[in-house]
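Take a look at the letters that make up each chain.
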Amino acid sequence: APDQTNLDEVVVVGYGKAKRITLTGAVSGIQAREIRNVPTSSVQNALTGKLPGFFSQQQSGQPGKDASDFFIRGVSSLNNDGNKPLIMVDDMQYTYEQLSQINVNEIESISILKDASTTAIYGIKGANGVLVVKTRRGEQGKPKINVRLETGMQTPVRTPKFLNAYESLQLVKEAHTNDGTLSDFPYTEDDMIAFRDHTDPYGHPDVNWYDEIFKKSAFQENVNVDISGGSKKLRYFVSAGYFTQDGMVKDFGTKENDVNSNYFYRRFNYRTNIDFDVTDNLNMRLDVSSRFMNINEPCNMNATGEIYDFSKMHPYSAPVLNPNGSYAYLSDTEGYKPTLNARLANEGYKR
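The text that follows walks through the structure, step by step, so that each part is easy to find.

What counts as what
Residues numbered from 1 in each chain as written. Predicted model: local features only at pLDDT ≥ 70, side-chain atom pairs only at ≥ 80, totals over all residues. Heavy atoms only, no water. Helix = DSSP H or I, 4+ residues; strand = E, 2+ residues; numbered from the N terminus. Buried < 20%, exposed > 50% of the residue type's maximum accessible area, 1.4 Å probe, protein only. Contact = heavy atoms within 4.5 Å. Areas by Shrake-Rupley, 256 points an atom, 1.4 Å probe, with all protein chains shown as cover. Arc of directions from axis to C-beta. Core = buried A, V, L, I, M, F, W, Y, C linked by side-chain atoms within 4.5 Å. Axes fitted to C-alpha atoms, helices over the stretch in contact; angles between N-to-C directions. Nonpolar A, V, L, I, M, F, W, Y, C, P; charged D, E, K, R; others polar. Pairing = 2+ DSSP bridges. Patch = residues over 30% accessible without salt bridge, like charges linked within 9 Å, V, L, I, M, F, W, Y side chains within 5 Å. Salt bridge = Lys/Arg side-chain N within 4 Å of Asp/Glu carboxyl O. Phe/Tyr/Trp six-rings, centres within 6.5 Å; stacked < 30°, edge-to-face > 60°.

## Concerning the overall build of the protein
Regarding its fold elements, the protein presents eight helices and 15 strands. Across the 351 residues in the protein, those meeting the buried criterion constitute 40%. For the protein, the proportion of contacts with a sequence separation of at least 24, taken over those separated by at least 6, is 65%. Within the structure as shown, the protein displays about 19,700 Å² of accessible surface, and the carbon and sulfur contribution to it stands at 51%.

Laid out in structure tokens, this is it:
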């Protein structure tokens, strides 16, 4: 049932505000307090399913790079860049990446402008709709201090169930039989029995590389402190926040090589919004915003992509470690490459 009390709600439109009851254009809005409890690093992820006409698609779960692509009223162009809505934060134009870096605790409200009458003020830039973000500002009164501490654990909703070495080789053998190239199949019946019975774990390994590379869970934390208040002439809002999110890859680095092979994201946000009434007819506004970030990832590899790519590594390709504790090489791939755990431990990281 429609909520009639929302008719007096004030929503942000192009360079101004309006009450819903007087609006004739297509506008949807949401107060940030409704999405602050969504445990995600990116604002656009928190908006998923919250606003009519807002479509989002999250293509990655990598910490620091998991922000959704989003569209207003669907896709209108074959050019991906031509579908991006205009993003305005406190009357300043932002990119997708900059929007994902904002701390949701700094936001007061979010509106999407969907039709020509509401986006006309932005000209051709508003052709794909406009996302308008208004950050929080101080109000006259005693200082108000808010502290938010949040911690959570991430775990996969579903994990793949891979075939083991014997089952995989049975299908490889069947493929050779169907192609009439059974003579090229490199394993004898005794080899197949060794893979099945695990009697020779180093010469005939059977490794679930997903379990060897990935952890069962990872942690994230969100800490935010803000203070607001002011007098009739001067009002202020100051906020500082820290967000940290770890990835699911096990740490294969050592103190000797100083390599962090896991994915992680660290972000510090700071914002100061000051409003000053110089005279009855002249108001000034000073907004200062800073963001410092670290995004860490293994160098020149996509750990998840390689696990899912059967051409890269098989359960029978190599043991996790050699008997002497050294890393193994893949015996059945072109170029005789190191195993994925060896590469994660020794090929460095990008930060």
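## Quick notes on helix α5 (residues 189–197)
Asp191, Met192, Ala194 and Phe195 are the residues of α5 that are buried. An end-on view of α5 places all buried positions within 160° of arc, on one side of the element. Buried residues belonging to α5 abut α4 (165–179). Once α5 ends, the next one or two residues include histidine 198, with phi positive near 60°.

## What about the nonpolar core?
Core analysis: the largest hydrophobic core is formed by 22 residues, its most contacted members being Leu47, Ile87, Ile110 and Leu131. Put simply, the parts of the chain that give this core at least two residues each are α1 (43–46), β5 (69–72), β6 (86–89), α2 (96–100), β8 (107–113) and β9 (130–135). Per-element tally for this core: the top contributor is β8, with three residues. In contact with isoleucine 110, other than residues within four places in its own chain, are Ser28, Gly29, Ile30, Ile35, Val43, Leu47, Leu131, Val132 and Val133.

## Some points on the packing of α4 against α5
For the pair α4 and α5, the least separation of the axes is 8 Å and the interaxial angle reads 150°. Residues Ala165, Tyr166, Leu169, Gln170 and Lys173 of α4 form the contact with α5, whose own contacting residues are Glu189, Met192, Phe195 and Arg196. The residue makeup of the contact of α4 with α5, split by class, is five nonpolar, one polar and three charged.

## Structural notes on the pairing of strand β11 (residues 218–230)
Two faces, one strand: in a regular strand the side chains alternate between the faces of the sheet. Direction of pairing for strand β10 (residues 141–154) relative to β11: antiparallel, over a ladder of twelve bridges. Counted as the bridge partner of threonine 151 is glutamate 221 from β11. Pairing analysis gives eleven bridges linking β11 to strand β12 (residues 234–246), with the strands arranged antiparallel. The partner of valine 225 across the bridge, within β12, is alanine 240. With antiparallel pairing between neighbouring strands as the criterion, β11 and β12 make up a hairpin whose turn holds three residues.

## Structural notes on the sheet that holds β6
The strand order across the open sheet formed by five strands is β3-β8-β9-β6-β7, and the pairing between neighbours is mixed. Each end of this open sheet is capped by a strand with a single partner; those strands are β3 (27–31) and β7 (92–94). Put simply, the sheet's adjacent strands are angled 25° from each other on average, direction ignored. Sheet topology note: the β3/β8 ladder contains five bridges and is antiparallel. Looking at the pairing, serine 28 lines up with isoleucine 112 of β8.

## Examining the environment of alanine 127
Looking at where alanine 127 falls in the secondary structure, it is placed in the loop between α3 (116–119) and β9. You can call alanine 127 exposed: its relative accessible area is 59%. With 42 residues separating them along the chain, alanine 127 and proline 85 place their C-alpha atoms 7.6 Å apart.

## A word on the sheet that holds β10
Strand order across the open sheet formed by six strands is β10-β11-β12-β13-β14-β15, with antiparallel pairing between neighbours. Edge positions in the sheet fall to β10 and β15 (349–350), since each of these pairs with one other strand and no more. Relative to strand β13 (residues 264–277), β12 is paired through 13 bridges, and the arrangement is antiparallel. Paired with phenylalanine 243 across the bridge in β13 is arginine 267.

## Re a nonpolar patch on the surface
Residues Ile145, Val147, Leu149, Val223, Val225, Tyr242, Phe268, Tyr270, Leu286, Val288 and Phe292 make up a contiguous nonpolar surface patch of roughly 1,000 Å² in combined accessible area. Mapped by element, the contributors of at least two residues to the nonpolar patch are β10, β11, β13 and β14 (283–298). Mapped onto the secondary structure, tyrosine 242 falls in strand β12. On the basis of relative accessible area, tyrosine 242 is assigned to the partly exposed category, the value being 37%.

## Focus on the packing of aromatic side chains
Counting across every chain of the model gives eleven aromatic pairs. Relative to tyrosine 96, the ring of phenylalanine 70 has its centre 4.8 Å away and its plane inclined at 5°; by these criteria the two rings are stacked. In this pair, phenylalanine 70 is assigned in strand β5 and tyrosine 96 in helix α2, connecting sequence segments 26 residues apart. Take phenylalanine 70 and tyrosine 96: they sit in the same class, and that class is buried.

## Describing the pattern of salt bridges
Scanning the entire structure with this criterion turns up 16 salt bridges. The closest approach of N and O atoms between arginine 137 and aspartate 287, which form a salt bridge, is 2.8 Å. With arginine 137 in the loop between β9 and β10 and aspartate 287 in strand β14, this pair connects stretches of sequence that are 150 residues apart. Notably, a salt bridge pairs glutamate 297 with lysine 350, separated by 3.6 Å at the nearest N-O pair.

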